[in-house]
Amino acid sequence: RADLVTGFSMTFTLGLAVGSALTSTLKRWVSHRKIISFMLALAGIASLGLQICAPANLALMFVLQTLSGIALGTIATLTFAMYADTADYNALKTGKRATAMTYSMIMFARKIGGAGAAALLGWAMSSTGYVANAQASTHLVDNIRLMIGLVPAVCLFAGIGIIWFYDLNADKITRLRKALAEA
């Protein structure tokens, strides 16, 4: 329903803001890796929920969209702090400060990833029969549900495995910053 698009998008955006605001509080008690793992799982479950949710259950869809926003807002905020930790780690290992280059490369990769995702989404939509301003077929609606449900959930759950390779915990970061200050 076209009349719900703005509200659905705003719900997600408000969730992003809440997630971002929660990050500093969560960081006091839980490691970056555990927070991100939990939030990836939450977003994955919410994505699967959106796929299996009955179309008439609008309230549940809005709740799931809000939970996705909270999870992804937390992840987005926390990853920026992790970029700084990674840049510091690089400086200690190489003896050269490359913080600006680190951030530049990360932002470039994010932009390439976003462009690639948009291209894949456009390709997927056109290959499943999407035509602007036309009535959507059942086949198209099922494919759209896959693109907002199962596909992101698989990627989010895969992210849980990937984040466990990040081993800069609070103790290592404290030692790292102390070593950098002494250098």
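Structure: above.
Residues numbered from 1 in each chain as written. Predicted model: local features only at pLDDT ≥ 70, side-chain atom pairs only at ≥ 80, totals over all residues. Heavy atoms only, no water.

## Examining the overall build of the protein
Alright, step 1. A count of helices and strands for the protein gives seven helices and zero strands.
Alright, step 2. Helices and strands in the protein line up, N terminus first, as α-α-α-α-α-α-α.
Alright, step 3. Across its three principal directions, the C-alpha atoms of the protein cover 65 × 30 × 25 Å.
Alright, step 4. Looking at the protein as a whole, 30% of its 183 residues are labelled buried.
Alright, step 5. Put simply, the protein shows about 11300 Å² of open surface, and 70% of that area lies on carbon and sulfur atoms.
Alright, step 6. Side chains of the protein give 15 positive and 7 negative charges; the mean places of these two sets differ by 3 Å. (Helix = DSSP H or I, 4+ residues; strand = E, 2+ residues; numbered from the N terminus. Buried < 20%, exposed > 50% of the residue type's maximum accessible area, 1.4 Å probe, protein only. Areas by Shrake-Rupley, 256 points an atom, 1.4 Å probe, with all protein chains shown as cover. Lys, Arg positive; Asp, Glu negative; His and termini not counted. Charge placed at Lys NZ, Arg CZ, Asp CG, Glu CD.)

## Some thoughts on the nonpolar core
Alright, step 1. Ranked by size, the top nonpolar core spans 14 residues in total, and within it Ile36 and Met82 carry the most contacts.
Alright, step 2. For this core, the secondary-structure elements that each account for two or more residues are helix 2 (32-52), helix 3 (58-94) and helix 6 (150-163).
Alright, step 3. Among the elements that make up this core, the one with the highest residue count is helix 2 (five residues).
Alright, step 4. Residues within four places of Met82 in sequence aside, it is in contact with His32, Ile36, Ile163 and Tyr166.
Alright, step 5. Counting residues in hydrophobic clusters, the runner-up holds five residues, among them Ala46, Leu50, Cys53 and Leu64. (Core = buried A, V, L, I, M, F, W, Y, C linked by side-chain atoms within 4.5 Å. Contact = heavy atoms within 4.5 Å.)

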